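Results of the structural survey
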Amino acid sequence: MKHIFTFVTKIALKALQSKIQHILLFTLLSFFCIQFNYAQEIKTKKIVVPVSQKKEFLQKKDSLFNQKKIDTVKTDTIGVPKSSVTSKITHNALDYILQNAKTKKVELYNEAHVIYEDIDLKAGYILIDNKNNTLFAKGIKDSLGYSQLPYFKQGSQESEQDSILYNFKTKKAIIYGVKTTQSGMITYGKKMKRVNDSTIFLRDLKFTTSDKINPDYYIKTRKAKLVPGKKIIVGFSNLVIADVPTPLAIPFAYFPTTETRASGFIIPTWGQTNSQGYFLQNGGYYLALNDYLDISLMGDVYSNGSWGLRSESSYVVRYRFSGNFSFRYENLIRSQKGFDDYSKSTNFNLRWSHSQDAKSNPNARFSASVNLGSSKYFRESLNEINSSDFLTNTLNSSISYYKNFVGTPFNLNATASHSQNTNTKEINMTLPSLQVNMDRIYPFAGKSGVKKNALQKIGLNYSMKGDYSIKTVDSLFFKPEMFETAKAGIQHTASANTNMKVLKYFTLTPNANFKEVWNWDYINKYYDAASGTAVEERINGFKSYREYSAGVSLGTNIYGNFSFNKGNFKVRHTVRPSISYGYRPDFADKYNQQVQQSIDPTDILTYSPFEDGIYGRPGAGLSNSIGISVANVLEAKVASKDSLNTEDKKITLLNNLNFSTSYNIAADSLKWSPVSVTAGTRFFKDKLTLNMGATLDPYQIDNNGNRIDQINSNLFRLTNANATANISFSSKDFEKKEKPKSKNTNQNQFGDEAPNTKTNKNKEIKETKLYSATIPWNISLAYAVNYTNYGITNAGIGSNSLMFNGDLELSPKWKVRYSSGYDFKNKGFTYTRLGFTRDLDSWSFNFDWSPFGTNKSYFFRIGVNSSMLNDLKWDKRSLPDRLLF
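Note that this is a predicted model, so its numbers are computed, not measured.

Some thoughts on the side chain of Thr556
- Topologically, Thr556 is positioned in the loop between strand E34 (533-555) and strand E35 (558-564).
- Taking the relative accessible area as the measure of exposure, Thr556 reaches 14% and is therefore buried.
- A distance of 2.6 Å separates a polar side-chain atom of Thr556 from the backbone oxygen of Tyr505.

What follows is the structure, encoded as structure tokens:
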């Protein structure tokens, strides 16, 4: 070391000639002195150099000290204590970072950020103490007050607090003024002690789902235990609304905070009706079986002895399929035993919905939509989830499976269907319906599928359909008797067609069809001499029939263009006339049979063995008819007023105006069929849709209302007419559109338009519109009328009603819903429902009301929006007084 100082001194004496050199050498001298003192402290064992710095320090000494001195330091026997910090600590700050090697502390100030393993901490001030293995964080004071509060994140757990003290070694922490969020549950606490990763104790707590600075409500408790990601257990607690304590209190509470579904009890709702008395509804147990399947088991009980059960389940496998299932059963009792009006009934309803992801298998699909049960269920049920089901007259179900055989033109479709009329209580089922289809093939097409002439355009289709049909009534549903009248059969159909151009503008399309039907039972009639009548019997056995037909059609398109107002308004009229001819022989004589039906041998009855078959009987009578149809479309183009826009605006004046009829050449009378007329159009930018239809009969009727072979004096007689109109509009349709701003609009230096504000003395003034002047609303109207006149009597309006629905926002948080209609024929309102909703931020208020009718009822609810505390509510339900007969 003495040699080094001698060398430095000589350099300093030579550098005194310049003031600048003097300053530089003084700085260099100070640096060597510091390094010398630091090396001496290490030698006298005053400082222990961390392992991470020891190698770097020795490398710096290597250029200044001899090898012997370096070896002395390397062989130092002083041990370095093992640190509890097992991972790298990354830290930064905006203002400064102070590191004290002697005390092993690091201070970070202003926007301090520390990352250690899975811990991410942000705060205004952070102190890292490597000696005690602790980390302390707090906010900082500025002109606005206390800011940059510590934000602590570890894994999926996040919290915000006033201050935090964390130990790297024990993983324990003490937090003051904490705010944490667990699955939507916000927790405020004055003090929190973290024992380990799975246990946290808290004092003076507030639980809420309101994210406001001053929560709308909270549950206040003195102490609690939190298991992150699982549960919160609290002691005595009471509800506080708007910082006002309420008398609602509980001795203890349990809040699940799991991110996955968990099983648990479902709290029932209570109420009272005139017929069933007091009741508890929708109470039960929710069972989360796994990540793919859950089930809810619920029940209803009434004080008069009525009860109900309900099971609901949902399932989902991502990227494959999803669905839900529900079954409801009710045992209803009305009045008391011994009274004349006492009655008892049981009803059920089953629903199943299944859908397959389109990407799971593009060549095979399975879907289901099932809705079946008792015909009176929705009219008598005391626990309807959707009151609109009260208006349901039919229940329909369908389960289908589709399979496409790749590389072949064939595909398979298996379907099970169900249709139930709740008024007539008739049920039609097909279990199942199996259909094999062959896509159209072109056996005479040229190479590479080229189809130029009529022969190459010949296409063949084939389809095979097998059905097992059941027709029964509600009382026999799911009983053995429902299968006694079941029918089964198979139907084969094949067709061939082609097309060709005729006289350049016409398209000629000939076709031929073949059908063969197989039945597994048929009708047989024989004469019973004992009774003197014909007796009918059903025979189980195979019997078939075949029929064929042929036809040809000729059609073309005619275009007419008209210009008005110097070409600014153009109208295009498209007419598509078509004439067809069809021929089918009389197949009834071939398959019909005869039987004596009375004691008179000449009294012969002709019948078809297939008259009760699943696909009907063979075609009776010769069909040799000509069909005529004309379709019209009327469109317009309006030239734009903008000279820069050269594209015309297209308008559809008439979507369709169609006429169709037929003439049977083989008929001996009434050869013309009634003329069918349909029309449809749209107005007001497609806001209004109007459709009309009519049937015009060219023949007169006699005094009994039967058609006779005489043409009407006024050519046609109106037998049926209908019209529907639908329109939807809202407040947005009446808002004035803002005119596009000119190109010289004020822009900033980046080319962006300046905000829509006014400036007055360097103060920005924003324009605010009153909400009451622009109340959002929307309404939908549907009008339908029908007229019938098939004979002398019963002519007139069949139905005439106007339906409407919509909503109205009285304020940003008040909304009114309505749905009703008026029947002009019966002079009364249809099913009416009103709804009121009030958004209370973290709470919501709902009131649904059916003010009159057989389904008169109301439902009131006020409660917390969050699903975490959805049982924190009060609801009141008034059920309709059902009539079982």
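Observations regarding the pattern of salt bridges
- This model, assessed by the stated rule, comprises 18 salt bridges.
- A salt bridge links Glu547 to Lys515; the nearest nitrogen and oxygen atoms lie 3.1 Å apart. Of this pair, Glu547 sits in strand E34 while Lys515 is found in strand E33 (residues 506-528), placing the two residues 32 residues apart along the sequence.
- In this structure Glu547 comes out as buried when scored by relative accessible area, which is 13%.
- Three or more residues joined by partner-sharing salt bridges are found here, namely Lys212, Asp216, Lys813 and Asp841.

Considering the environment of Gly323
- Its location among the elements puts Gly323 in strand E24 (residues 321-334).
- Taking the relative accessible area as the measure of exposure, Gly323 reaches 12% and is therefore buried.
- When the C-alpha atoms of Gly323 and His354 are compared, they prove to be 4.2 Å apart, with 31 residues separating the residues in sequence.

Notes on the pairing of strand E40 (residues 649-664)
- In terms of strand pairing, strand E39 (residues 623-638) meets E40 through 13 bridges, oriented antiparallel. Of the residues in E40, the one forming a bridge with Leu634 is Leu654.
- In this structure, E40 lies alongside strand E41 (residues 675-683), joined through 5 bridges in antiparallel fashion. Looking at the pairing, Asn656 lines up with Gly680 of E41.

Focus on unusual backbone geometry
- Residue Pro432 follows Leu431 across a cis peptide bond; omega there is -10 degrees.
- Here Pro432 lies in strand E29 (residues 426-441).
- For Ala242, which is not glycine, the phi dihedral falls at a positive 55 degrees.
- Mapping Ala242 onto the fold places it in the loop between strand E16 (237-241) and strand E17 (244-250).
- The residue Asn282 is not glycine, and still its phi comes out positive at about 60 degrees.
- When you line up the elements, Asn282 lands in strand E21 (residues 277-288).

Regarding a nonpolar patch on the surface
- A grouping of Phe265, Tyr285, Leu287 and Leu289 is seen on the molecular surface, where their side chains present a nonpolar patch of about 420 Å² in accessible area.
- The topology assignment puts Leu287 in strand E21.
- Assessed through its relative accessible area of 32%, Leu287 is described here as partly exposed.

Some points on the side chain of Thr430
- You can see Thr430 is positioned in strand E29.
- When residues no more than four places from it in sequence are discounted, the contact partners of Thr430 are Thr415, Ala416, Ser417, Asp467, Tyr468 and Ser469.

Definitions and limits used
- Residues numbered from 1 in each chain as written.
- Predicted model: local features only at pLDDT ≥ 70, side-chain atom pairs only at ≥ 80, totals over all residues.
- Heavy atoms only, no water.
- Helix = DSSP H or I, 4+ residues; strand = E, 2+ residues; numbered from the N terminus.
- Buried < 20%, exposed > 50% of the residue type's maximum accessible area, 1.4 Å probe, protein only.
- Polar contact = N/O pair within 3.5 Å; in protein donor to acceptor, adjacent residues only side chain to side chain.
- Salt bridge = Lys/Arg side-chain N within 4 Å of Asp/Glu carboxyl O.
- Pairing = 2+ DSSP bridges.
- Patch = residues over 30% accessible without salt bridge, like charges linked within 9 Å, V, L, I, M, F, W, Y side chains within 5 Å.
- Areas by Shrake-Rupley, 256 points an atom, 1.4 Å probe, with all protein chains shown as cover.
- Contact = heavy atoms within 4.5 Å.

Honestly, it's all geometry; don't read function into it.
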